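# Coordinate inspection notes
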Amino acid sequence: MARRVQIIGVPIDLGADRRGVDMGPSAIRAAGLKGRLEALGLEVEDAGNIQVPVPESRPAGRAPAKAGDLKYQDEILEVSEALGAEVEATLKAGKTPLVLGGDHSLAIGSLAGVAAAKKSLGLLWFDAHADYNIPETSPSGNIHGMPLAISQGLGPEGLVRCRGFSPKVRPERTVLIGVRNLDPGEAKRLRSSQMTIFTMKEVDQLGMQRVMEQAIQVTGVGTSGFHVSFDLDVCDPDEAPGVGTPVRGGLTYREAHLAAEVMAEASAMVSLDLVEVNPILDSTNRTGILAVSLALSFFGKRIL
C-alpha cells in the first residue's frame, strides 16, 4: 500500500520582519511538489492552505514597546491551533503531514498536532538559528525566533499551551543541526540545555553521515518516530538564496540531501516542515526547487 502524504500550506509571515515568506507554499507547489512526489509512488493529497490573517489587517506590526512584547501573538496562536488540529487529524487518518511555510513560527502548530497524535516524539530541527529565544531574550519580538523554545514549554503561556498541553517534545529527544547564528541570551540558554546540538563546526568536523547517525539514535530509538522541521536557511545562501535571514557557511546541497536520505532510510519520520522560503528574495525559484528536491529525498528518492 502506497504511503499517503498530505500537503498543508501555511502562508504565514506574522512571525518575521521581512515580507514575502507567505508566498513560500506557492513557490514550493509551483516547483512541481505534488507531481514529483506522486512519481515516487506516493499517494498525495493537497489540502490547500490554513487561513492566515494578513498583517495589515491586524494592529501589531511595530517594534515591541518594551522587552517581552511580541508581535502578532494572538494571531499566531490562532493559526497554530488551526494547523495543530489539521496535522493531528492527518496523522490519525494514517497520512504523513508535509507542512509548507511560511515563517518558522508555524512549527508551534505543527509540533502541537504531531505531539497530540504521537507520544514520546523525537525532533530534528535544521536551522541556521536555534529559534530558542524567549520574550525576555528576543531582540526583535519576532515569534519565528522562538518556536523551538515554545515547543519545549518555554515562553508565553498561550503559545506554550497550544492544543491544551505542554511540552510538545523533551529536550533530551531534540537534535538541533546546522546552527551558526545565535543571539547572546539564546546561546547562554542553549549551553545549559539537554538538547543534542550540532553546530556547523561539528558538521564540518564529524561529517554529515556521523551527525545523522547520532541524531537518529537520539530521536528515533525508543520514540514513536521523529518530526523534522527544516528551515531552508540551514543551507548555504549559495544553495538557498530565497530565505529571509541567510547566513553564510551553511549546509551544501549534498550535505542537505544526505541528511534527508539517511532519515528516509531510518523509516522513522512521521511528519515534515519545509519553511522560510521567500520567493521575493529568490532567483528563478531556486529555493522552492531545492525544497522540492529535498522533499523527494525525505520521502525516499534514491540515486539507484
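For every chain, the first residue of the written sequence is number 1, and numbering continues from 1 onward in sequence order. Local features in a predicted model are, by the rule used here, given only for residues with pLDDT of at least 70; side-chain atom pairs are given and counted only at 80 or more, and totals for whole chains, interfaces and linings are based on all residues. Side-chain measures here rest on the full set of heavy atoms in the structure, leaving out hydrogens and waters.

### Some thoughts on the overall build of the protein
Selection rule: A run of H or I in DSSP counts as a helix once it spans at least four residues, and a run of E counts as a strand once it spans at least two, with each numbered from the N terminus. Both definitions apply: the radius of gyration is a C-alpha atom measure, and the globule rule equals 2.2 Å times residues to the power 0.38. Throughout this description, buried means an accessible area under 20% of the type-specific maximum (1.4 Å probe, protein chains only), exposed means over 50%, and partly exposed covers the range between. Note on contacts: a residue pair is in contact if any heavy atoms of the two residues lie within 4.5 Å. For the area figures, the Shrake-Rupley method with a 1.4 Å probe applies, and any residue is considered shielded solely by the protein chains shown.
Assigned secondary structure in the protein consists of 11 helices and eight strands. In terms of overall dimensions, the protein is globule-like: its C-alpha atoms have a radius of gyration of 17 Å, near the 19 Å expected for 304 residues. Along the first, second and third principal axes, the C-alpha atoms of the protein reach 55 × 40 × 40 Å. Expressed as a percentage of its 304 residues, the buried residues of the protein come to 57%. The contacts in the protein between residues at least 6 apart in sequence include a share of 76% that link residues at least 24 apart. Carbon and sulfur atoms make up 50% of the accessible area of the protein, which totals about 11900 Å².

### Concerning the nonpolar core
Applied cut-off: Residues belong to a common nonpolar core when they are buried Ala, Val, Leu, Ile, Met, Phe, Trp, Tyr or Cys residues joined through side-chain atoms within 4.5 Å.
Residues Phe 126, Phe 230 and Phe 298 are the most contacted members of the largest nonpolar core, which totals 51 residues. At seven residues, the largest contribution of residues to this core is made by helix α11 (residues 286-298). Setting aside residues up to four positions removed in sequence, Phe 230 forms contacts with Phe 126, Cys 235, Ala 256, Asp 273, Leu 274, Val 275, Leu 294 and Phe 298. Membership of the second largest hydrophobic core comes to 42 residues, among which are Ile 12, Leu 91, Val 99 and Leu 106.

### Quick word on unusual backbone geometry
The omega torsion across Gly 101 and Gly 102 is 15°, close enough to zero to call that bond cis. Relative to the elements of secondary structure, Gly 102 occurs in the loop between β3 (96-101) and α4 (107-117). A cis geometry characterises the amide bond from Ser 166 onward to Pro 167, with omega recorded as -5°. Structurally, Pro 167 is set in the loop between α6 (157-160) and β5 (174-179). Positive phi outside glycine occurs at Ser 267, with the angle close to 55°. If you trace the backbone, Ser 267 turns up in the loop between α10 (253-266) and β8 (269-275). Relative accessible area serves as the criterion here: at 66%, Ser 267 is assigned to the exposed category. The phi dihedral of Thr 284 falls on the positive side, at around 50°, and the residue is not glycine. Structurally, Thr 284 is set in the loop between β8 and α11. For Thr 284, a relative accessible area of 70% translates into the label exposed.

### Re the packing of helix α9 (residues 208-220) against α10
Selection criterion: Note on geometry: axes are C-alpha line fits, over the in-contact stretch for helices, and angles between N-to-C directions span 0 to 180 degrees. Crossing handedness is defined as follows: a turn of the near helix away from the far one that is anticlockwise and smaller than a right angle gives a left-handed crossing, while the clockwise case is right-handed. We call Asp, Glu, Lys and Arg charged. Ala, Val, Leu, Ile, Met, Phe, Trp, Tyr, Cys and Pro are nonpolar, and the rest, Gly among them, are polar.
At their nearest, the axes of α9 and α10 sit 10 Å apart, and the two run at 35° to each other. Judged by the twist between their axes, the crossing of α9 over α10 is right-handed. Only Glu 255, Leu 258, Ala 259, Val 262, Met 263 and Ala 266 of α10 make contact with α9, whose side of the interface consists of Met 208, Gln 209, Met 212 and Ile 216. In the contact of α9 with α10, the residues fall into eight nonpolar, one polar and one charged.

### Examining α11
Formally: Helices are assigned an expected span. That span is 1.5 Å times one less than the residue count.
Compared with the 18 Å implied by 1.5 Å per residue over 13 residues, the 18 Å span of α11 between its first and last C-alpha is a close match. In terms of burial, α11 is largely enclosed, as 11 of its 13 residues are buried. Where the residues of α11 are buried, they touch α1 (24-30), α2 (33-38), β7 (226-231), α10 and β8. Once α11 finishes, Gly 300 follows within two positions and takes phi at roughly 105°, a positive value.

### Side note on the packing of aromatic side chains
Quick note on the threshold: In this scheme Phe, Tyr and Trp rings, the latter by its six-membered ring, pair at centre separations within 6.5 Å, and the angle between planes marks the pair as stacked below 30 degrees, edge-to-face above 60, and tilted otherwise. In our convention, an over-ring charge means Lys NZ or Arg CZ found within 6 Å of a ring centre and within 35 degrees of that ring's normal.
Evaluation of the coordinates by the stated rule reveals two aromatic pairs. A centroid spacing of 5.1 Å and a plane angle of 35° characterise the contact between Phe 126 and Phe 230, whose relative ring orientation is tilted. Pair noted here: Phe 126 is in strand β4 (residues 122-126) and Phe 230 is in strand β7, with a separation of 104 residues, a long-range link. Of the two residues examined, Phe 126 and Phe 230, each falls in the buried class. Here the aromatic residues Phe 126, Phe 230 and Phe 298 are joined through ring pairs into a cluster of three or more. Just above the ring of Phe 165 sits the side chain of Lys 168; from NZ or CZ to the centre is 4.9 Å.

### Some details on the sheet that holds β7
Put simply, the rule is: By this definition, two strands are paired if DSSP reports at least two bridges between them.
The strand order across the open sheet formed by eight strands is β2-β1-β3-β8-β7-β4-β5-β6, and the pairing between neighbours is parallel. Lying at the two open borders of the sheet, with one neighbouring strand each, are β2 (43-49) and β6 (196-199). Going from strand to strand, the sheet's axes swing by 15° on average, the running direction of each strand aside. Contacts between α11 and the sheet are confined to β7 and β8, with β8 contributing the most and set at about 175° to the helix.

### Brief notes about the pairing of strand β1 (residues 4-10)
Across the seven residues of β1, six count as buried, placing the element largely inside the fold. Both β1 and β2 contribute to a ladder of five bridges, which runs parallel. Each bridged residue has a counterpart across the sheet, and for Ile 7 the counterpart in β2 is Asp 46. Where β1 and β3 come together, six bridges link them in parallel fashion. In the strand pairing of β3, Ile 8 is matched with Val 99.

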